[in-house]
Amino acid sequence: RARPAGDGRLGFESVPATLRDAVTVPPGYEARLLYPWGAPTGIAGAMPAFAPDASNSAAEQALQAGMHHDGMHFFALDGRADRGLLVMNHEYTDEQLLHPEGARPMTADKARKSLHAMGVSVIEVELGPDGWRQVLPSRFARRIHGHTPMRIAGPARGSPLLRTAADPAGERVYGTFANCAMGVTPWGTYLSCEENFQVYFGASKEALPTAGAAQQRYGLGAGSWVDYWRVDERFDLAKNPNESNRFGWVVEIDPFDPASTPVKRTALGRKHQESATCTLTKDGRLAVYMGDDSNFEYIYKFVSRDKVRPGSDAAARAANRDLLDRGTLHVARYDDDGRGRWLELRHGLGGVDADSGFAGQAEVLIHARRAADIVGATRMDRPEWIAIDPASGEVYVTLTHNVSRGRPGMPAADAANPRAENIFGGILRWREAGGDAAATSFAWDHFALAGDPDLPGAGARYPSAEADAFGCPDGLHFDTGGLLWIQTDMSGRAIGQGPMAALGNNQMLCADPASGRIKRFLVGPSGCEVTGCVLTPDRRSLFVNIQHPGETREGTSGTPNSAWPDGTLPGSARPRSATVVVRRRDGGIVGT
Ligand code: FEO
Ligand code: CA
Ligand code: CA
Ligand code: CA
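In this report, we go over the structure that sits alongside the text. (Residues numbered from 1 in each chain as written. Chains lettered and ligands numbered in written order. Predicted model: local features only at pLDDT ≥ 70, side-chain atom pairs only at ≥ 80, totals over all residues.)

## Things to note about the overall build of the protein
Right, so step 1: Scanning the protein for helices and strands turns up seven helices and 30 strands.
Right, so step 2: The C-alpha extent of the protein, read off along each of the three principal axes, is 60 × 55 × 55 Å.
Right, so step 3: Sorting the 592 residues of the protein into buried and exposed places 55% on the buried side.
Right, so step 4: In the protein, the proportion of contacts linking residues at least 24 apart, taken out of those at least 6 apart, comes to 62%. (Helix = DSSP H or I, 4+ residues; strand = E, 2+ residues; numbered from the N terminus. Buried ≥ 20, exposed ≤ 12 C-beta atoms within 10 Å, placed from the backbone. Contact = placed C-beta atoms within 7 Å.)

See the structure below:
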């Protein structure tokens, strides 16, 4: 493929795999802390400082950075590369760190604070002589969280399955949470994806089995991870069984209008939502690629009925306001011959009908996983992020891992998911027929099968001999220069030992798809996951999120193994998820 002349690629020195408890970047680069959990978001007259003992109230948390930063995008203001809105997800909470006295017992106040610590932040940032800083206050600053009123739109709006006692019409819902990966529309809105919503719903042991088969298909009824249901009936599966159907959606947010109401777009289907990566079809409609991150779940594509009205100003946002409400949802089948098909999920097609338990299209969307089962989609190794090569239009997806693959009673390895007990994950890609995102067929191959190539039997395969090894790819982002940024999420239990021993802490790598070279660019602190990144339009600043530093090998119950960013010794400070900004000391283009 032709590349622009003079565009250097991967000119930096690779960072060694390390277990250092710090953010490590290549020589000539610096990483600076920008927006840690608890930092004021910047709402005028309401900027409570972070209390290091976690004594901030629920009301204060709703005005501060949430926990567990994840997907993120930079929206330039006035077309500038040095001033913009940074919009990011806060995926989940560590209840042990969030409250002064820890997780138990759950109280109404704690549940409120916890719901306020998830969702989305909109902050304004500006590059000055001393680097990037938050604009405080900012007229754009906003926290969207688990109590923010939202609209439900699209074909499932008003469905009986979305109606609750608090919302008999099934058209409005309180809040969003479990916000993991993301997307950006051509008209300048942010798409936040609700992933593991099921862990916040529960019921008493006796009542738990009341979750029906359709709900169990989404992991509901297996017990809750955070027991909101004990203090808030909204989360009680026995008393409000439909509330859980109102989560698992893509949420559209206009970051430029802090008074706007976020909208859950049901036409895109309900899943453990990962990515809503947008691109235009050849005839100017919108295609949205989505993963569903659980073992053996699917990859989806939505294609809008209508063409996108060009532009990304307020007029374009108004003109495209309902575009995501009408279109066709597909799910992917990856055949053994390297070809694949997009299978339509439409009521009355392919056995998805009243006989198989679907009353209409609303139910097909609410129970998209079951519909996908029926049409024969390919069960994947946990599809996470999706990114599109701006040069070739090829679509890349991370399949993060799936240790259950090939175990007794579980699906066997197949061509697209070739490793049984897949501990390392990989990156798969495809080319749509005719180079058109509206196509219903494609050709696929593996970009990388991750893992330690020196380990016998690991089955690792990289696109060139010049590739730094990694495990469990998760975050994925193409910059406008065509460099592919890969972020990893090896489990805290696995980091630095066993098959992951040589791979260091979780990290971010930069790949050049043209040459197949991959170089490790950044390694995160102990226990963290690196997830969510974006470059400014001039590619001279890279924002990256460090999620859950200090998460111990035992999970979240033990003493954190990091005090990053406030302390150097574990135990000396509460570790905080945070946005970090990386620049070259010479001001040059990042990654070249
Ligand atoms: Fe929240 Fe699938 O990562
Ligand atoms: Ca992820
Ligand atoms: Ca992950
Ligand atoms: Ca994580």
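On we go from here.
## Quick look at the pairing of strand S25 (residues 484–488)
Right, so step 1: Counting buried positions along S25 yields five of five residues, so the element is predominantly enclosed.
Right, so step 2: Both faces of S25 are covered, namely the face carrying Leu484, Ile486 and Thr488 and the face carrying Trp485 and Gln487.
Right, so step 3: Where strand S24 (residues 473–478) folds back on S25, the antiparallel hairpin that results is connected by five residues, among which Gly482 adopts a positive phi of roughly 85°.
Right, so step 4: As defined by bridge partners, S25 adjoins strand S26 (residues 507–512) across four bridges and the pair is classed as antiparallel. Bridged to Leu484 within S26 is Ala511. (Pairing = 2+ DSSP bridges.)

## Concerning the sheet that holds strand S29 (residues 541–547)
Right, so step 1: Strand order in the open sheet made by the four strands is S1-S30-S29-S28, with antiparallel pairing throughout. This sheet does not close on itself; its edge strands, each paired only once, are strand S1 (29–36) and strand S28 (529–535). If you compare each strand with its neighbour and ignore which way they point, the axes differ by 25° on average.
Right, so step 2: Sheet analysis places S1 next to strand S30 (residues 578–584), joined by seven bridges and oriented antiparallel. Residue pairing in the sheet places Pro36 in a bridge with Ala578 of S30. (Axes fitted to C-alpha atoms, helices over the stretch in contact; angles between N-to-C directions.)

## Quick look at helix H3 (residues 108–116)
Right, so step 1: Among the nine residues that make up H3, seven are buried, leaving the element largely enclosed by the rest of the structure.
Right, so step 2: Along H3, the positions that sit buried rather than exposed are Lys110, Ala111, Arg112, Lys113, Ser114, Leu115 and His116.
Right, so step 3: On its buried side, H3 packs onto helix H1 (58–61) and helix H2 (95–98).

## Let's talk about helix H7 (residues 368–375)
Helical geometry: 3.6 residues make up each α-helical turn, so side chains three or four residues apart lie on a common side.
Right, so step 1: Buried within H7 we find Ala368, Arg369, Ala371 and Ala372. One side of H7 holds all its buried residues, which, seen down the axis, span an arc of 160°.
Right, so step 2: Buried-residue contacts for H7 involve strand S15 (295–297), strand S17 (327–334) and helix H6 (361–366).
Right, so step 3: Two residues or fewer past H7, Gly376 is found with a positive phi of approximately 85°. (Arc of directions from axis to C-beta.)

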